Each structure stands twice: as structure tokens, then as C-alpha cells.
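Spelled out from the first residue to the last, the chains are:
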Amino acid sequence: RSEPGEMDEDPPQGLGWFAEAHNLQEGEKANVVLGEDFHTNEVELLNLNDELLKVIEDGGELTFKGGPDDEAVLCTDRTTYSVTRVETSNTLLLFQPPGGLPTKVRLPDGTVDDIDADADNPDDRDPTLTPLPKRRKTDDDATGADGDGPPSTPAEAINRAMKDGVPLGEDGLKDIVSFAQASSHLEVVKCEPRLGPMWERLRQRPHAYAGPEREAETDAPDGDAPGADADGGDRTRDARGIEEEDLVENTQASRAEIVDALAKGPAFRDPTNGDRWRGIEETYADHVLDMLVVTAQARGMSLDAVDEAAVTAAMAADDPPVPAPVTRFVLREYAEAQDSPGVAAGGEVWRIDAKKVCRAKASRMLEGSKAAAAGRLRLGEFLAEWSGRCNEELRSACTRDLLKGLALIEKGASGRDEDAVVRVFRDVDLPKHPRERFRAIFALKPRWQMDELEAYIAATSDETVEAQLLKYTRVSQPTTDAVPVYSKR
């Protein structure tokens, strides 16, 4: 018990900020009352994991992204999180220190950021926004000491509550005021970046590059109004291509994920259009790939040792020319870098990957095949045509196994391999989310063996392949030596 004239003992350690701010002792009773603006205050709670909390504590930014019809995501500068609202059946009362929430935040560099500083200079504020509330400034505000206005730091809020005391109710107990309530909160889970809309924009005219001839056909005068052009293209810029900041702002992914995806392509910075990003049309990329192989062979290069600098310069000097960034993208997409001790500094030597080249050729052929879409294309006929369209040095890679993930091979009536039926079913055309992906897989046919299924499933940032199989499939195996069969769960 305190002696006369002495302050009450400090609140015991470990009770947290709430007990400290309201000067509550262990076991002390208090009244919970609703503030005057309790029913008008709207507060959104966000549950942060340790990684996101560290971002905030280090002065980083969290950004919500998404349009009116999108499911929102939360992004740091390197990671994307899906956002889910979790409802609660209980009423959650929200409290704050008696003097109000802090109006200043100390940044990692030691400086203090005044949250309502904009209210002091109305000329700097958007006239369409609701004015921020002002508070009376005191001489002590500059040093963060106690003043007449709301507290400027959490420590000041607690100190003021300790000094001034907490209001008492008629029963003599302290009144603890709740300023708002919440019936839900937002939870976040790390997810894959949602890059589809970005690639869709870059594939549209006039942003997709399809060669000099197409550039001339689609040439448009400067000053076109934003919006869609006559062909349904995206004219969000006066010139071709899209600024990187535009893509970062309007894509549901972190900046690092967006920049990394753009660097891998199919895209390139167009130096003739202000270094804006442009997509590369698929058919044009196929054409450049064919040209690259022919050009390398014409200059006596082995397809196992293609000199990047030499072939890029040769194709840029061709008629019509191929932009150097497009040639470099095709090399990185369809070749592997090799050790090149005899090449000048800064140069690279590449080995053309026969499987990648032939697989890309097969994908384009199947995409436009009505017979393959209807399941009427015979395997023997397709293999012969496919092999004939590939370069002689590469066509040995045109095998049945290479079609996994592009098409299903179903037994024909005769049972012979050449009479098997090819049905187009490309992995790239399936939804990215596992639930929708498995729905599409089982919509095509109800029962799968693992050698068919494995080409269409892949681990995501939050689910392994094994977890997906347990969650979305049911496996049956009549006998121990029978091949397991997967069906819809």
C-alpha cells in the first residue's frame, strides 16, 4: 500500500499496453463504455504475419492492389499475398489510449513523421478530400513532450493517462471507453503473382511487337485518345509500349515479381519508344527462332555454340531487321548458355535446346489443329508432319514423350502406336489455381494415370504437388500390382 503523498505503484509488468494506458492494476475491475462516436467509426483490422510486421517496422510499404471486380491482393516490394475476410461471431470491441492514438511515428532513420502534418498546410492538400482534423499545437509538441492535444507517441499516451488519470463512472470504477467495434478482419496468405492481365495488355496491339511490316501497318499518329482502338487494342499511351511504372501500379504483383517476369519475357524494352515495355507476338517469336537457326548455320556456327553477338548483329542487319532485344529473348528462351573461353569479354555462346525448339513447334501446330481439338488426329501422321517442320539437326527430338503437357495420346482401335489419337490439351491453357486446374483436368476425362497427370500439375507457393493430390483427387488401386488411377475427390 502506498504511503500518503506517494503515487500508486506502477502497473505490474507483463499486463501489456492496455493496462499501462489505463493505469489498471492486476485484478482491478472497470466499466466498459461505448464512446460517443462508437457507431459511426469504421475500422478495418489486418492480421499481419511476422514478415509483414517486419516490413512495417522497417519503414516499408504494404500496398493493396486490384480493380473493382478483382479479389484484392496485398504486396510488399518483393511478395504478393491474397487477402481474405474472416468473419467472427463475437463482437470485438476496439480500444485506444485515453488521450487518443499517436499522431507521430518515429521512422527507422530516427526522424519523426507527423501523420496530420498535411492539415497544417491546406494549400498542399487535394481540395476534393475531406479535411484532416486539426489539433492545437503547443510548444512541447516539437520535443514530443506532454501537451494539450492528442499524444504524439505511444509513450506519451501512456504517461498522460498515468498523470491525468482515467475517468471514473458513477460507481467509482474507471470507465474504459471503446471507440469502435469489428465483426471481421483481413487475413493474408502468400500467393502467386497475378501476372495474366499484364501479359494480356502487352499482347494487345499496338504494344505487341510482330515485326517491321506489322509496325508499318499499325502505325498511328501521336495524340490518340486513351482506350481501346478499332481492333480492341489497348491504347493507354500515345506511343507503342507501356511504361514500367504503369505495369507495376496496375498489376496484382510486387514490383520485384513484375520486373523479374518482364526480364524473362516474352517482352523487351523498346529503345525506339522511350524504353517502354512491349510484348512479343508468339507467331513472330516462332519466325525469329527459325531465322536464328538458319542464320547461325549460314555463318558456319554449330547449333551447340551459337555466338550471341554475331548472330544478333547479323539479324539486326537483315532485311527486314530483327531488333536485338527480340533475338536475345529467343536465345534465352530456347537455348542454354555455354562456357565460352574463346569469346571476347561480354559475349556469350549458346547451345540450342532441340527439345524446347521442337516442343514450341508442336504447340503451335496443335493450337491451330481442328483435328487435334476434335480428337481425330492420328499420332503417326502428326509425328511425320511435325518432324518435317523442324530443322534437320533438331528433329530427332520429335518424340511422343515430348508431347506430354501439350496433348493426350489415346489408344486407337488397332492398338498400334501410329493409330493412336492425339487430342490437344495444353498445360499453358489451364487455370493457374490448383482447384480450377483440377476441375478442368477432370472435365476432360474422369480417370487419369500418373504418367498422364504429372505434366499438368506443379507446386505453388503454398501447396506442394503431394498436398494438391491429397486435396483434389482420389486414388484407386484394385490390386497391389495395378497402376494407380486418380479421379475427382
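Presented here is a report on the structure given in the accompanying data block.

About the cut-offs
Residues numbered from 1 in each chain as written. Predicted model: local features only at pLDDT ≥ 70, side-chain atom pairs only at ≥ 80, totals over all residues. Heavy atoms only, no water. Helix = DSSP H or I, 4+ residues; strand = E, 2+ residues; numbered from the N terminus. Buried < 20%, exposed > 50% of the residue type's maximum accessible area, 1.4 Å probe, protein only. Contact = heavy atoms within 4.5 Å. Areas by Shrake-Rupley, 256 points an atom, 1.4 Å probe, with all protein chains shown as cover. Polar contact = N/O pair within 3.5 Å; in protein donor to acceptor, adjacent residues only side chain to side chain. Core = buried A, V, L, I, M, F, W, Y, C linked by side-chain atoms within 4.5 Å. Pairing = 2+ DSSP bridges. Phe/Tyr/Trp six-rings, centres within 6.5 Å; stacked < 30°, edge-to-face > 60°. Lys NZ or Arg CZ within 6 Å of the ring centre and 35° of its normal. Salt bridge = Lys/Arg side-chain N within 4 Å of Asp/Glu carboxyl O.

### A few points about the overall build of the protein
At step 1: For the protein, the helix and strand inventory stands at 16 helices and 20 strands.
At step 2: Buried positions account for 37% of the 489 residues belonging to the protein.
At step 3: Here the analysis covers contacts within the protein between residues at least 6 apart in sequence; of these, 59% occur between residues at least 24 apart.
At step 4: Approximately 28,900 Å² of the protein is accessible, and the part contributed by carbon and sulfur atoms is 49%.

### Focus: helix α2 (residues 50-57)
At step 1: Where α2 starts, the residue carrying a side-chain oxygen 3.2 Å from the main-chain nitrogen of Glu-51 turns out to be Asn-49.
At step 2: One or two residues past the end of α2 sits Gly-59, with phi positive at roughly 85°.

### Some thoughts on the side chain of Arg-278
At step 1: Tracing the backbone through its elements, the reader meets Arg-278 in strand β11 (residues 276-279).
At step 2: A distance of 3.1 Å separates a polar atom in the side chain of Arg-278 from the backbone oxygen of His-207.

### Thoughts on the nonpolar core
At step 1: Grouped together as the largest cluster of nonpolar side chains are 49 residues, with contacts concentrated most on Ile-352 and Trp-386.
At step 2: Put simply, the parts of the chain that give this core at least two residues each are α8 (282-298), α9 (308-316), α10 (324-334), β14 (349-352), α11 (354-367), α13 (379-389) and β16 (407-410).
At step 3: Not counting the four nearest positions on each side in its chain, Ile-352 is found in contact with Leu-292, Leu-303, Val-306, Leu-331, Tyr-334, Ala-335, Val-357 and Leu-394.

### Structural notes on the environment of Leu-34
At step 1: Relative to the helices and strands, Leu-34 is located in strand β1 (residues 30-34).
At step 2: Owing to a relative accessible area of 49%, Leu-34 belongs among the partly exposed residues under this scheme.
At step 3: Taking the C-alpha atoms as reference points, Leu-34 and Leu-93, 59 residues apart in sequence, are found 9.0 Å from one another.
At step 4: Beyond its immediate sequence surroundings of up to four residues, Leu-34 is in contact with His-39, Leu-93, Val-177 and Ser-178.

### Description of unusual backbone geometry
At step 1: Cis geometry marks the peptide bond from Arg-205 to Pro-206; its omega dihedral reads 10°.
At step 2: Locating Pro-206 in the fold gives a position in the loop between α4 (196-203) and α5 (212-217).
At step 3: Here Asp-319 and Pro-320 are connected by a cis peptide whose omega angle stands at 0°.
At step 4: Mapping Pro-320 onto the fold places it in the loop between α9 and α10.
At step 5: In this structure, Asn-23 is a non-glycine residue whose phi angle is positive, near 55°.

### Here's the deal with the sheet that holds β16
At step 1: The strand order β15-β17-β16 describes an open sheet built from 3 strands, whose pairing is antiparallel. Because the sheet does not close on itself, it has two edges, and the strands there are β15 (377-378) and β16.
At step 2: The pairing of β16 with strand β17 (residues 421-424) spans 4 bridges and is classified as antiparallel. Across the sheet, Ile-409 pairs through a bridge with Val-422, a residue of β17.

### Re the side chain of Asp-270
At step 1: With respect to the secondary-structure elements, Asp-270 resides in strand β10 (residues 267-270).
At step 2: Asp-270 gets classed as buried once you look at its relative accessible area, which sits at 6%.
At step 3: For Asp-270, the side chain forms a polar contact with the side chain of Thr-272, separated by 2.6 Å.
At step 4: If near-sequence neighbours (up to four positions away) are discounted, Asp-270 is found in contact with Asp-275, Arg-276 and Arg-278.

### Section: the packing of aromatic side chains
At step 1: A full pass over the atoms with the stated rule returns 9 aromatic pairs.
At step 2: Taken together, a centroid distance of 5.0 Å and an interplanar angle of 55° make the contact between Phe-425 and Tyr-456 tilted. Pair noted here: Phe-425 is in the loop between β17 and α14 (434-444) and Tyr-456 is in the loop between α15 (450-453) and α16 (465-472), with a separation of 31 residues, a long-range link. Across this residue pair, the class does not change: Phe-425 and Tyr-456 are buried.
At step 3: Aromatic rings pair up to connect Tyr-209, Phe-268 and Tyr-284 into one cluster.
At step 4: One residue, Lys-445, lies across the ring of Trp-448, its end atom 5.1 Å from the ring centre.

### Structural notes on the pattern of salt bridges
At step 1: Throughout the structure, instances matching the rule amount to 29 salt bridges.
At step 2: Among the ionic pairs, Glu-281 bridges to Arg-214, the shortest N-O distance being 3.3 Å. Residue Glu-281 is located in the loop between β11 and α8, and its partner Arg-214 is located in helix α5; the two are separated by 67 residues in the primary sequence.
At step 3: Under the relative-accessibility criterion, Glu-281 is labelled partly exposed at 26%.
At step 4: A relative accessible area of 27% means that Arg-214 is categorised as partly exposed.
At step 5: In this structure, Glu-452 and Lys-445 form a salt bridge, with 2.9 Å as the shortest nitrogen-oxygen distance.
At step 6: When its relative accessible area of 23% is taken as the criterion, Glu-452 is described as partly exposed.
At step 7: Overall, the relative accessible area of 19% leaves Lys-445 in the buried class.

### Digging into the sheet that holds strand β12 (residues 306-307)
At step 1: Taken together, the 3 strands give an open sheet; going across it, the order is β12-β14-β13, and neighbouring strands pair in antiparallel fashion. Lying at the two open borders of the sheet, with one neighbouring strand each, are β12 and β13 (335-338).
At step 2: Strand direction decides the pairing type here: β13 and β14, joined by 4 bridges, are antiparallel. Residue pairing for β14: Gln-338 is matched across the bridge by Val-349.

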